[in-house]
Amino acid sequence: DQQVKQNSPSLSVQEGRISILNCDYTNSMFDYFLWYKKYPAEGPTFLISISSIKDKNEDGRFTVFLNKSAKHLSLHIVPSQPGDSAVYFCAASDSGGSNYKLTFGKGTLLTVNP
Amino acid sequence: NAGVTQTPKFQVLKTGQSMTLQCAQDMNHNSMYWYRQDPGMGLRLIYYSASEGTTDKGEVPNGYNVSRLNKREFSLRLESAAPSQTSVYFCASTGTGSTDTQYFGPGTRLTVL
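Source: prediction; values computed, not measured. Position numbers for residues count from 1 along each chain, tracking the sequence in the order it is written. For naming, the first written chain is A and the first written ligand is 1, with later ones following in the order written. Local features in this predicted model are restricted to residues of pLDDT 70 or higher, and side-chain atom pairs are both shown and tallied only at a pLDDT of 80 or more, whereas totals for entire chains, interfaces and linings draw on every residue. Hydrogens are left out, water is left out, and the side-chain values use all remaining heavy atoms of the structure.

A.B. asks: Account for the nonpolar core, naming residues and giving values.
C.D. replies: Definition of nonpolar core: a set of buried residues of the types Ala, Val, Leu, Ile, Met, Phe, Trp, Tyr and Cys, connected through side-chain atoms within 4.5 Å. The buried label applies to any residue whose accessible area, calculated with a 1.4 Å probe on protein chains only, is under 20% of its type's maximum; exposed applies above 50%, and partly exposed to all values in between. Phe33, Trp35, Leu73, Leu75 and Tyr88 of chain A are the most contacted members of the largest nonpolar core, which has 23 residues in total. Contacts are assigned to residue pairs with any non-hydrogen atoms lying within 4.5 Å of each other. Contacts of Leu73 of chain A, omitting those with residues within four sequence positions, involve Leu21, Asn22, Cys23, Tyr25, Phe33, Trp35, Val64, Phe65, Leu66 and Cys90 of chain A. Of all hydrophobic cores here, the second largest spans 19 residues; its members include Leu13, Tyr47, Leu78 and Ala81 of chain B.

A.B. asks: Go over the state of the cysteines, please, and point to the residues and values.
C.D. replies: What counts as a disulfide here is a pair of cysteine sulfur atoms lying within 2.5 Å. Tallied over the entire structure, the rule returns 2 disulfides over all chains. A sulfur-sulfur separation of 2.0 Å characterises the disulfide bridge that pairs Cys23 of chain A with Cys90 of chain A. Taking the sign of the S-S torsion, about -75° here, the bridge from Cys23 of chain A to Cys90 of chain A comes out left-handed. Of this pair, Cys23 of chain A sits in strand S3 (residues 19-25) while Cys90 of chain A sits in strand S9 (residues 86-93), and the two are 67 residues apart along the sequence. With a relative accessible area of 1%, Cys23 of chain A lands in the buried category. Here Cys23 of chain B is linked by a disulfide to Cys91 of chain B, with a sulfur-sulfur distance of 1.9 Å. Judged by the sign of its S-S torsion, about -75°, the bond between Cys23 of chain B and Cys91 of chain B is left-handed. Of this pair, Cys23 of chain B sits in strand S3 (residues 19-25) while Cys91 of chain B is found in strand S9 (residues 87-94), placing the two residues 68 residues apart along the sequence. Cys91 of chain B shares its class with Cys23 of chain B; the two are buried. Helix and strand definitions here come from DSSP, where helices need a minimum of 4 consecutive H or I residues and strands a minimum of 2 consecutive E residues; each element is numbered from the N-terminal end.

A.B. asks: Describe the packing of aromatic side chains, with residues and values.
C.D. replies: When two rings of Phe, Tyr or Trp (its six-membered ring) have centres within 6.5 Å they constitute a pair, described as stacked for plane angles under 30 degrees, edge-to-face for angles over 60, and tilted for the intermediate range. All chains considered together, the criterion is met by 12 aromatic pairs over all chains. Judged by centre distance (4.6 Å) and plane angle (40°), the ring pair of Tyr25 of chain A and Phe33 of chain A falls under tilted. Here Tyr25 of chain A matches Phe33 of chain A in class, with each residue buried. Taken together, the ring pairs connect Tyr36, Phe46, Phe89 and Phe104 of chain A together with Tyr33, Tyr35, Tyr48 and Phe104 of chain B into an aromatic cluster.

A.B. asks: Report on the side chain of Gln85 of chain B, specifying residues and quantitative values.
C.D. replies: Along the chain, the position of Gln85 of chain B falls in the loop between strand S8 (74-78) and S9. What makes Gln85 of chain B buried here is its relative accessible area of 5%.

Coordinates in, geometry out; function isn't part of it.
In structure tokens, the structure reads:
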């Protein structure tokens, strides 16, 4: 049973426009959420995170929104740049656990066209 | 400060051969993880070590063994490789805080023929 779902395998946007990547989760114990970015032939790198006590976290062009009642989060990239083209993974954890495990979604391939 | 390093970068095995993937981190992290990434499947946890001296199974542990050699090093062993183990393998580490970020290595691309 997939606990973290990214239902869009791919997304294509024009440079300068907004990119919105979505993620849904089913496990009510998840209270910390992260987005990772992955370029081909490299390891994933941390992008931004949000705790369940917040509904928004912003870092430059990147903003993550959390809707706990809907068990949904989204990553907004504004404005999108060609260098943002990568696979984006949503991840979630139960911060009250002792093993610090992350559960990842399957990823969304973002392509930003010049 | 190299972060998380993995060796080798690429490997080709024949079915039935064995090999060990090496991972080391220099961030004094307590927890270490092994993931595999397959097309359309995202990142799946194979094994993890929450602290030195402990290891636990993740989502897809069958066919693998691990060793937490010391605080820095966490190895993944395939005793008898199978074509289904063709994948990209990532090692990651994180500190002791419950909301600490996991840092990933560059990956090992393994092909089993």
